[in-house]
Amino acid sequence: MTHPPDPSAAPALTPSVVAKVREQVAQANRELDLLRGLLHDAFEQLIAHFMQEQGRAVAAVDADTLLAETAHTMSAFQVQDISDQMAVHIAKRLKLIELVMQRGSAESESELFADPACPVAGKTLDFGSVELF
Amino acid sequence: MHTILTVDDSASMRLMVAFTLKHAGYEVIEAVDGLDALERLKGRDVSLMLVDQNMPRMDGISLVKELRKTERHRATPILMLTTESSDSMKQQGRSAGATGWLVKPFDPAKLVGIVRKVIG
């Protein structure tokens, strides 16, 4: 009969390993900042496009036509927004890893229990999924 | 005219929802999280609420629970509009008293369709 490994029996990380992990976390943060910059740029472009469409809305024949015309922009806007939320969430998780590495494994458990809830749960873009209870 | 409250910490998401519903003929008011929604709903009725789940200070399901304790909003339709799509989370929403569950990103025409269906 086999037993699962006891996590408390795992060897402690050496200072050099901790330093390497922290270096990787710092690099991941820099790369995430780059991604967030791109997402912000996408936001700026999308909002400008969206405002143009809002301006055209005055001349639209009816709401259904207008909404159909703007659907693609709105989808792009929402995907940008979801991506940004995910980037913010990953930054929080990296901060948590950094905290755990700073304090060491003995104090890390309470931090891990405060695991931030992921704002994005779906694996696919389930556009317009609706369920009435 | 029916008034709809949209509750979401994302300004761009509120913008999308408000744009969609205003052009479908509804008045839209906005709140940035659950606590802000409770503040804005003091002493006023709305026809329907669209509520995000993951928000700072007070999340969507907690907001639904709070609203269902009040006489004024005990029966107001509340649709969750969220990226969350797990069955367990939907079940929590249903138990809290939500009327339905919509997954982001939403399709504008479908959103209007479901709002019309729920408001009647």
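Refer to the preceding data block for the structure.
An account of the accompanying structure is given in this report. (Residues numbered from 1 in each chain as written. Chains lettered and ligands numbered in written order. Predicted model: local features only at pLDDT ≥ 70, side-chain atom pairs only at ≥ 80, totals over all residues. Heavy atoms only, no water.)

**Focus on the pairing of strand 2 (residues 27-31) of chain B**
In this structure, strand 1 (residues 3-7) of chain B lies alongside strand 2 of chain B, joined through five bridges in parallel fashion. Bridging from a neighbouring strand, Ile 4 of chain B pairs with Val 28 of chain B of strand 2 of chain B. (Pairing = 2+ DSSP bridges. Helix = DSSP H or I, 4+ residues; strand = E, 2+ residues; numbered from the N terminus.)

**Overview of the interface of chain B and chain A**
At the interface, 34 residues of chain B touch 33 residues of chain A. Buried surface at the junction of chain B and chain A, both sides included, amounts to about 2900 Å², of which 67% is carbon and sulfur. Among the residues of chain B in contact with chain A, Met 16, Phe 19 and Pro 105 of chain B are the three that bury the most area, contributing 23% of the side total. In this assembly, chain B and chain A are joined by one salt bridge. Between Lys 90 of chain B and Glu 131 of chain A there is a salt bridge; the shortest N-O distance is 3.1 Å. Between chain B and chain A we count six residue pairs in polar contact (both at pLDDT 80 or more) in total. Put simply, the parts of the chain that give the side of chain B that touches chain A at least two residues each are helix 1 (11-23), helix 4 (87-96), strand 5 (100-103) and helix 5 (108-119) of chain B. Of the residues in the side of chain B that touches chain A, the class split is 16 nonpolar, 10 polar and eight charged. (Contact = heavy atoms within 4.5 Å. Buried area = accessible area lost by both parts, 1.4 Å probe. Salt bridge = Lys/Arg side-chain N within 4 Å of Asp/Glu carboxyl O. Polar contact = N/O pair within 3.5 Å; in protein donor to acceptor, adjacent residues only side chain to side chain. Nonpolar A, V, L, I, M, F, W, Y, C, P; charged D, E, K, R; others polar.)

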